[in-house]
Amino acid sequence: MGPRPVPVAGVMRAAAAALAGAGIDSAAVEARLICAHVLGVDRSRLMLADGLDEAAIAEVDRIVAARAGRGVPLQYLLGTAPSGRLELSVGPGVFIPRPETELLVEWILARLPAPTGGVGLGPVVVDLCAGSGTIALEIAHARPDARVHAVELHEAALDWLRRNAAARADAGDTPIEIHHGDATDPHLLPRLRGRVAAVVSNPPYIPLTDDLPAEVLGHEPATALFGGTDGLVVVVPLVDLAASLLAPGGHLAVEHDDTTGAEVAAVVGRRGGFGTVEQHTDLAGRPRFVTATRHDGADDDPTAQKGITR
Ligand SMILES: C[S@@+](CC[C@H](N)C(=O)[O-])C[C@H]1O[C@@H](n2cnc3c(N)ncnc32)[C@H](O)[C@@H]1O
């Protein structure tokens, strides 16, 4: 007979102490999540588990060491992150979904035309800079009738996007369409021009001058974070692309850095073709996303302005 399992409470206490010692704020919550992950149980049932054997304790120690010693984001270590009503796979190479992005999803969902038909017969939605797929997959989950397209440029992120999209389709959600492409390319998605009900984006937007927490700088891909020195390098051409994709009456929602709300609203306003440009805050009251509605008008076609042929 092998050694008796060690009670969960003791392992969790030791893990929490190590995490707190490394300055991690929510050490007790993280210790609970780590133990639940290693035991493969829901955290609400953790205290009902028999305890942890030697191999399980070694795995808890490995995760705690990576978290406390190297500051690896917990979501990368557990391999998943909450995303609204979903749980998505994440790991090195992909941006970890943030709760504030939920606000964009809710805003767009509230404005999509009501469902009228079956699967795939509803509004066309485009998620530019899709990363793990959090926005695209949440919309596809909430609106099975929508035809959701997700655009991502970087291979590492695309792998996670494909994996999450396949998992959600297996779980019964309407499959999304994935495009390997550049959201700053004015020729992107030519088949969808003028047909899209909503363009949503959480692009790389952090101004390069900002001070960032070491955890973010050291682990998440720079290509997901930074938007040039003003934070607008991707946003400006992306707004042009959105204008050409949206149908009259279609909606745009773009997340931004909390220092660039006025600039992003000005970019959208200057672009022409959009009405009702609005700035929104997140739950902490910080400026977080800009929305606008495409109005009709042949003279505000961006491809016409730039002399680009369709
Ligand atoms: C801030 S992350 C957001 C990911 C996801 N939308 C979310 O909310 O979690 C930005 C994403 O844009 C991708 N990206 C960066 N530049 C891009 C571009 N020019 N075209 C398309 N995707 C791009 C990055 O690889 C990254 O996955």
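Residues numbered from 1 in each chain as written. Predicted model: local features only at pLDDT ≥ 70, side-chain atom pairs only at ≥ 80, totals over all residues. Heavy atoms only, no water.

Peer 1: Help me understand the site of the ligand, please; the structure alone is not making it clear to me.
Peer 2: Near the ligand lie 20 residues; those nearest to it are Cys129, Glu152, Asp182, Ala183 and Asn202. Interatomic distance of 3.5 Å between a backbone N/O atom of Ala130 and a nitrogen atom of the ligand. A distance of 2.6 Å separates an oxygen atom of the ligand from a polar side-chain atom of Glu152. Summarising the interface, the protein chains cover 96% of the accessible area of the ligand, which totals 590 Å² for the free molecule. Residues belonging to the shell around the ligand are distributed by class as follows: 10 nonpolar, eight polar and two charged. (Near = heavy atom within 4 Å. Polar contact = N/O pair within 3.5 Å; in protein donor to acceptor, adjacent residues only side chain to side chain. Areas by Shrake-Rupley, 256 points an atom, 1.4 Å probe, with all protein chains shown as cover. Nonpolar A, V, L, I, M, F, W, Y, C, P; charged D, E, K, R; others polar.)

Peer 1: Whenever I open this one, the environment of His280 confuses me. Can you help?
Peer 2: Tracing the sequence through the fold places His280 in strand 8 (residues 274-281). You can call His280 buried: its relative accessible area is 16%. Here Thr291 takes part through its side chain, which lies 2.7 Å from a polar atom of the side chain of His280. (Helix = DSSP H or I, 4+ residues; strand = E, 2+ residues; numbered from the N terminus. Buried < 20%, exposed > 50% of the residue type's maximum accessible area, 1.4 Å probe, protein only.)

Peer 1: Honestly, the packing of helix 5 (residues 101-111) against helix 6 (residues 134-142) in this entry has me stumped. Any pointers?
Peer 2: The interhelical angle for the contact between helix 5 and helix 6, taken along N-to-C directions, is 40°, at an axis separation of 10 Å. Here helix 6 runs oblique to helix 5, going by the angle between their axes. In this structure, helix 5 meets helix 6 at a crossing whose hand is right-handed. Packed against helix 5, whose contacting residues are Thr101, Glu102, Val105, Ile108 and Leu109, the element helix 6 presents Ile135, Glu138, Ile139 and Ala142 at the interface. Residue composition of the contact of helix 5 with helix 6, by class: six nonpolar, one polar and two charged. (Axes fitted to C-alpha atoms, helices over the stretch in contact; angles between N-to-C directions. Parallel < 35°, antiparallel > 145°, perpendicular 65-115°, else oblique. Left-handed = near helix turned anticlockwise from the far one by under 90°. Contact = heavy atoms within 4.5 Å.)

Peer 1: Looking at this structure, I do not really get the pattern of salt bridges. What am I missing?
Peer 2: Any two side chains of opposite charge can pair if their charged atoms end up close together. Under the definition given, this model contains 11 salt bridges. The closest approach of N and O atoms between Arg67 and Glu30, which form a salt bridge, is 2.6 Å. Taken together, the residues span a long stretch of sequence, with Arg67 in helix 3 (residues 54-70) and Glu30 in helix 2 (residues 27-39) at a distance of 37 residues. Note on accessibility: Arg67 and Glu30 belong to one class, buried. The network of salt bridges with common partners includes Asp282, Arg286 and Arg288. (Salt bridge = Lys/Arg side-chain N within 4 Å of Asp/Glu carboxyl O.)

Peer 1: Would you mind going over the UniProt feature "domain: Methyltransferase small" (unreviewed entry) in the protein chain with me for this structure?
Peer 2: Cross-referencing UniProt, the feature "domain: Methyltransferase small" (unreviewed entry) maps to residues 122-205 in the present numbering. For the annotated span residues 122-205, helix accounts for 30% and strand for 25% of the residues, and the straight-line distance between the end C-alpha atoms is 31 Å. (UniProt positions renumbered as here; feature names shortened; annotations may be inferred.)

Peer 1: Would you mind going over the side chain of Asp145 with me for this structure?
Peer 2: Here Asp145 shows up in the loop between helix 6 and strand 4 (147-152). Judged by its relative accessible area of 5%, Asp145 falls in the buried class. For Asp145, the contacting residues outside a window of four places in its chain are Pro115, Thr116, Gly117, Gly118, Val119, Gly120, Leu121, Gly122 and Pro123.

Peer 1: I would appreciate a short explanation of helix 11 (residues 261-271) in the present structure.
Peer 2: Each α-helix winds once per 3.6 residues, and so residues spaced three or four apart point in a common direction. Buried residues of helix 11: Gly261, Val264, Ala265, Val267, Val268 and Arg271, and no others. All buried residues of helix 11 fall inside an arc of 155° around its axis, so they share one side. Of the residues flanking the end of helix 11, it is Gly272, one or two places downstream, whose phi is positive at about 75°. (Arc of directions from axis to C-beta.)

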